[in-house]
Amino acid sequence: MLLTAKTEQASFRINIKKLRMEIAMSEKINIPDHYRRWEADIKIGKKEDHVTIGYWRDGCKGCGICVDVCPKQVWEIIEAKDKWNGQVVQVTDAAKCIKCMLCEVHCPDFCIKIY
Ligand code: SF4
Ligand code: SF4
């Protein structure tokens, strides 16, 4: 059966949407098991969303960059006797996250994943 140009365009758009959703889902599944996770339903402006914050404690060197760059004070430094500088970070309240990704892109050791 021959498709009209409009039908082809519509089916192309549906396929792109499907592909994007599949990528998002596979990325979610790909948060490694050894990452600690915090999850929360959030609101960004008027839009409802959900965030998963993944954090790899073993790789974290407690530099505090994520704490400094987060505009919503989602991260805090806590004591960790097993670390060379005596500290790591943790999430205070995932519900405050706005998924800006600043913490993920600035972490020098790839310890944070935001989905
Ligand atoms: S930026 Fe990365 S390495 Fe530094 S404290 Fe945050 S999670 Fe740890
Ligand atoms: S994504 Fe943005 S708001 Fe959320 S924890 Fe990271 S820096 Fe903070």
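It should be noted that the structure appears before, not after, this text.
Computed from a predicted structure; not experimentally measured.

S.K.: Pulling in residues and values, what's your account of the overall build of the protein chain?
M.R.: A count of helices and strands for the protein chain gives 3 helices and 5 strands. Along the protein chain, from the amino end to the carboxyl end, the secondary structure elements read α-β-β-α-β-β-α-β. Of all 115 residues assigned to the protein chain, the portion counted as buried reaches 14%.

S.K.: Give a detailed account of the sheet that holds strand E5 (residues 112–114), specifying residues and quantitative values.
M.R.: In space, the 3 strands of this open sheet follow the order E1-E2-E5, with antiparallel pairing throughout. Both outer strands of the open sheet, strand E1 (36–44) and E5, are each paired with one neighbouring strand and no more. In this sheet, neighbouring strand axes are inclined to one another by 20° on average, regardless of whether the strands run parallel or antiparallel. Where strand E2 (residues 47–55) lies against E5, 3 bridges are found, and the strand directions are antiparallel. Across the sheet, residue Gly54 finds its bridge partner in E5, namely Lys113.

S.K.: Describe the site of ligand 2, naming the residues involved and giving the relevant values.
M.R.: Near ligand 2 lie 13 residues; those nearest to it are Cys70, Val74, Cys97, Cys100 and Cys103. For the shell around ligand 2, the per-class residue count stands at 11 nonpolar, no polar and 2 charged.

S.K.: An account of the site of ligand 1 is requested, with residue identities and associated values reported.
M.R.: Taken together, Cys60, Lys61, Gly62, Cys63, Gly64, Ile65, Cys66, Val89, Cys107, Asp109, Cys111 and Ile112 make up all the residues around ligand 1. Each residue belonging to the shell around ligand 1 can be placed in one class, and the counts come to 8 nonpolar, 2 polar and 2 charged.

S.K.: Before we move on, could you go through the nonpolar core and cite the residues and values that matter?
M.R.: Ranked by size, the top nonpolar core spans 14 residues in total, and within it Cys66, Trp75, Cys103 and Ile112 carry the most contacts. Put simply, the parts of the chain that give this core at least two residues each are E2 and strand E4 (87–91). Residue contacts for Ile112: discarding those within four places in its chain leaves Gly54, Tyr55, Cys66, Cys103, Glu104 and Cys107.

Calculation criteria
- Residues numbered from 1 in each chain as written.
- Chains lettered and ligands numbered in written order.
- Predicted model: local features only at pLDDT ≥ 70, side-chain atom pairs only at ≥ 80, totals over all residues.
- Helix = DSSP H or I, 4+ residues; strand = E, 2+ residues; numbered from the N terminus.
- Buried ≥ 20, exposed ≤ 12 C-beta atoms within 10 Å, placed from the backbone.
- Pairing = 2+ DSSP bridges.
- Axes fitted to C-alpha atoms, helices over the stretch in contact; angles between N-to-C directions.
- Near = placed C-beta within 6 Å.
- Nonpolar A, V, L, I, M, F, W, Y, C, P; charged D, E, K, R; others polar.
- Core = buried A, V, L, I, M, F, W, Y, C linked by C-beta atoms within 7 Å.
- Contact = placed C-beta atoms within 7 Å.

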